[in-house]
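What follows is the residue order along each chain.
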Amino acid sequence: MREYTTQMDAARKGIVTPEIKVVAEKEHMTSEALMKLVAEGKVAICANKNHTCLNPEGVGSMLRTKINVNLGVSRDCKDYDIEMQKVMSAVNMGAEAIMDLSSHGDTQPFRRKLTSECPAMIGTVPVYDSVIHYQRDLATLTARDFVDVIRMHAEDGVDFVTLHCGITRKTIEQIKKHKRKMNIVSRGGSLVFAWMSMTGEENPFYEYYDEILDICEEYDVTISLGDACRPGCLADASDVCQIEELVRLGELTKRAWAHNVQVMVEGPGHVPLDQVAANMKIQQSICMGAPFYVLGPIVTDIAPGYDHITSAIGGAVAAMSGAAFLCYVTPAEHLALPNVDDVKQGIIASKIAAHAADIAKGVPGARDIDDKMAEARQKLDWEAQYACALDPEHAKAIRDSRSPEEDHSDTCSMCGKFCAVRSMNKALAGEYIDIL
């Protein structure tokens, strides 16, 4: 029998759980140092007790930056086999979390398949699934219906749930008054807003928060406090709606911690580059160092088809400034459900941002692989370079498609015998340097 309810409860009792031990080893730190951070809420180890195949990870600004991959079926793209391909591809490429955002069909078998086969953290947004599970329109659902779906997801082994607890009846008037350019762009947030508007009732995730905490404590589900009012364009960034919701999320964080329930706080969104670091610092202050989970941020609104790049720019600055968890963005963002190649490009862009930030933060061991790459390049050792690459197959394919001539096969086809590395190696070895 477990002598604790959640990872936070264990840490506060001084119990080294198997998950804490694994994460401490991964992060090159002692279990005691990690336990202190978990006990304080500055690190979350999302580990539902029913997710038995989980390879645990820690989420916190002082640890390696983690990335999440969103996927799931929709009414227009409903092939679960393709989604499973995306899952395995994402895990193989190093994604630490998978969020199932399915909005069509029988979602429970796929969710259970994820928690029985996938070693990455699994997240969901129960408000999406409520309409699908009950097959009833939004306005006919009750607060009890929403809470019961959260329990179902917890029982199914989901490690974290995004709940839009921070918007209330007051937010309805606020949104109308401030006339944002993009209003609410959070899908879950818009559903809660619409439900409150149609029923006249308070946000069920806010009103029944204590009962939800009981469920999360029972199964050790981490709450990811969703930012319903995250900015959907640069013009809405850092406005009253966003910041007031963040203040409420800070209050909800305290209440969760009092129940030994772990918390992550979700953040923007579309943010001008010069505001990204400030957004991270504001969250750290208001939410007392709870791990910050950001979408992007996307730093310009005009790059559909390339938003994996705009988000990687914002994500690197965000993670360097305190964000702990980056939600990837694919080239299909704002345009379509991502396909397998979109997922790959989104993961690579996000991994680059996370790794660049870890180097900047001085995370132990973060730069080791870069130093190995430098050594391999200095030796013109191409196989060693591929071994250090984020995507070895892609790197090798580019070189093989434009291979150098035989008499300078140790270089690449860009510089040939003009290669600076080749010339310096020969010069320092006292050898003749032939160029023509």
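Let me sum up the structure you'll find in this document. Everything numeric here is computed off the predicted structure, so don't read it as measured data.

## Re the overall build of the chain
Phase 1: Helix and strand counts for the chain come out as 19 helices and 8 strands.
Phase 2: For the chain, whose C-alpha radius of gyration is 23 Å, the value lies close to the compact-globule estimate of 22 Å for 436 residues.
Phase 3: Considering the chain as a whole, with its 436 residues, one finds that 53% of them fall into the buried category.
Phase 4: Once local pairs closer than 6 in sequence are excluded, the contacts in the chain between residues at least 24 apart make up 71%.
Phase 5: For the chain, the computed accessible surface area is about 18900 Å², with 55% contributed by carbon and sulfur atoms.
Phase 6: Mean positive and mean negative side-chain charge positions of the chain (45 and 62 charges, respectively) differ by 3 Å.

## Things to note about a nonpolar patch on the surface
Phase 1: Taken together, the side chains of L273, Y306, I309 and I313 present a nonpolar region at the surface, about 390 Å² in accessible area.
Phase 2: Topologically, Y306 is positioned in the loop between β7 (292-295) and α14 (307-320).

## Observations regarding the pattern of salt bridges
Phase 1: Overall, the coordinates contain 32 salt bridges when judged by the stated rule.
Phase 2: Here E218 and R151 are joined by a salt bridge, their closest N and O atoms 3.3 Å apart. Residue E218 is located in helix α11 (residues 209-219), and its partner R151 is located in helix α7 (residues 143-155); the two are separated by 67 residues in the primary sequence.
Phase 3: One salt bridge in this structure joins K396 and D400, with 2.8 Å as the shortest N-O distance. A residue pair is termed a helical-turn pair when its members lie 3 or 4 positions apart in one helix, as K396 and D400 do in helix α18 (residues 392-401) at 4 residues.
Phase 4: Judged by its relative accessible area of 34%, K396 falls in the partly exposed class.

## Regarding the packing of helix α4 (residues 80-92) against helix α15 (residues 340-361)
Phase 1: Two elements in contact, α4 and α15, have axes whose closest approach is 10 Å; the angle formed by their N-to-C orientations is 25 degrees. The pairing of α4 with α15 is recorded here as roughly parallel in orientation. Between α4 and α15 lies a crossing of right-handed hand. Contacts from I82, Q85, K86 and A90 in α4 reach V340, V343 and I347 in α15.

## Topic: unusual backbone geometry
Phase 1: In the segment running from P268 into G269, the intervening peptide bond is cis, with an omega of 25 degrees.
Phase 2: Tracing the backbone shows G269 in the loop between β6 (263-267) and α13 (273-286).
Phase 3: Across the junction of G296 and P297, the peptide omega takes the value -10 degrees, indicating a cis bond.
Phase 4: Checked against the element boundaries, P297 lands in the loop between β7 and α14.
Phase 5: Phi angles above zero are rare outside glycine, and Q135 is one such case at about 50 degrees.
Phase 6: Structurally, Q135 is set in the loop between α6 (126-134) and α7.

## Side note on helix α3 (residues 31-40)
Phase 1: Taken residue by residue, α3 has S31, L34, M35, L37, V38 and A39 as its buried positions.
Phase 2: Looking at the buried side of α3, the elements it contacts are α1 (7-13) and α2 (18-26).

Thresholds applied
Residues numbered from 1 in each chain as written. Predicted model: local features only at pLDDT ≥ 70, side-chain atom pairs only at ≥ 80, totals over all residues. Heavy atoms only, no water. Helix = DSSP H or I, 4+ residues; strand = E, 2+ residues; numbered from the N terminus. Rg over C-alpha atoms; globule rule 2.2 N^0.38 Å. Buried < 20%, exposed > 50% of the residue type's maximum accessible area, 1.4 Å probe, protein only. Contact = heavy atoms within 4.5 Å. Areas by Shrake-Rupley, 256 points an atom, 1.4 Å probe, with all protein chains shown as cover. Lys, Arg positive; Asp, Glu negative; His and termini not counted. Charge placed at Lys NZ, Arg CZ, Asp CG, Glu CD. Patch = residues over 30% accessible without salt bridge, like charges linked within 9 Å, V, L, I, M, F, W, Y side chains within 5 Å. Salt bridge = Lys/Arg side-chain N within 4 Å of Asp/Glu carboxyl O. Axes fitted to C-alpha atoms, helices over the stretch in contact; angles between N-to-C directions. Parallel < 35°, antiparallel > 145°, perpendicular 65-115°, else oblique. Left-handed = near helix turned anticlockwise from the far one by under 90°.

Purely geometric numbers; function is a separate question.
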